[in-house]
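Here's the letter readout for the chains.
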Amino acid sequence: DDRPAAHARDQWMAQARAHFDAGRYREAAAAFEVATQVGPRNAAAFAVLASAALRLDDAASAVHAGEKAVRLEPRDASLHALLGNARTAARDRAGAEAAYRQALALDANHAEAKAGLEQLRARAATAGTSEWRAQGRREYALRNYAAAAAAYERAAAEEPTSAGGFAGLGAA
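An account of the accompanying structure is given in this report. This is a predicted model, so every value here is computed, not measured.

## Here we look at the nonpolar core
Among the nonpolar cores identified, the biggest contains 28 residues, and Phe20, Phe32 and Leu79 are the most heavily contacted of them. Elements with a minimum of two residues in this core: α1 (3–21), α2 (25–38), α3 (43–55), α4 (59–72) and α5 (77–89). Leaving out residues up to four positions away in the same chain, Phe20 has contacts with Tyr25, Ala28, Phe32, Val48, Ser51, Ala52 and Arg55. Listed in part, the nine residues of the second largest apolar core include Tyr100, Ala103, Ala113 and Leu117.

This is how it looks when you write it as structure tokens:
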């Protein structure tokens, strides 16, 4: 009979949710961890454990819990979006994109997955610009002004609405 285990899991879940709702994420994560051990087939416990881990900036734990939640409920778009958030926090762009795309395959209108993909696209668009500005700063520090100017020109060309590339170009 699984009733005692289910009762214990539910008690830990209630305690964990109370901690989570009160903003006590470390205590919530600990209680959710116990709930997942008592009820290892409870996707909701793993999902909220992943959310608590994200609030604690523990991306690795969030990914681990998110993956378990998705394995238990593979048709739940929200769990895939949560896994995308965890992988984004872990700086796993390809994994995050795959999770968001899976969420959208299950629910084409899933707002969190759409927002996550858009955030990834925006970061990718500015990543090259940031790298060119960093190269410009390095070259400028080495007094290699022509190379610095070339790097800042690339930054300005890639993101013409950002003042950073133009400011560096003016300095070089």
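## Examining unusual backbone geometry
For Asp57, which is not glycine, the phi dihedral falls at a positive 60°. With respect to the helices, strands and loops of the structure, Asp57 is situated in the loop between α3 and α4. In this structure, Arg91 takes a positive phi of about 65° despite not being glycine. By the element assignment, Arg91 lies in the loop between α5 and α6 (93–106).

The rules behind the values
- Residues numbered from 1 in each chain as written.
- Predicted model: local features only at pLDDT ≥ 70, side-chain atom pairs only at ≥ 80, totals over all residues.
- Heavy atoms only, no water.
- Core = buried A, V, L, I, M, F, W, Y, C linked by side-chain atoms within 4.5 Å.
- Buried < 20%, exposed > 50% of the residue type's maximum accessible area, 1.4 Å probe, protein only.
- Helix = DSSP H or I, 4+ residues; strand = E, 2+ residues; numbered from the N terminus.
- Contact = heavy atoms within 4.5 Å.

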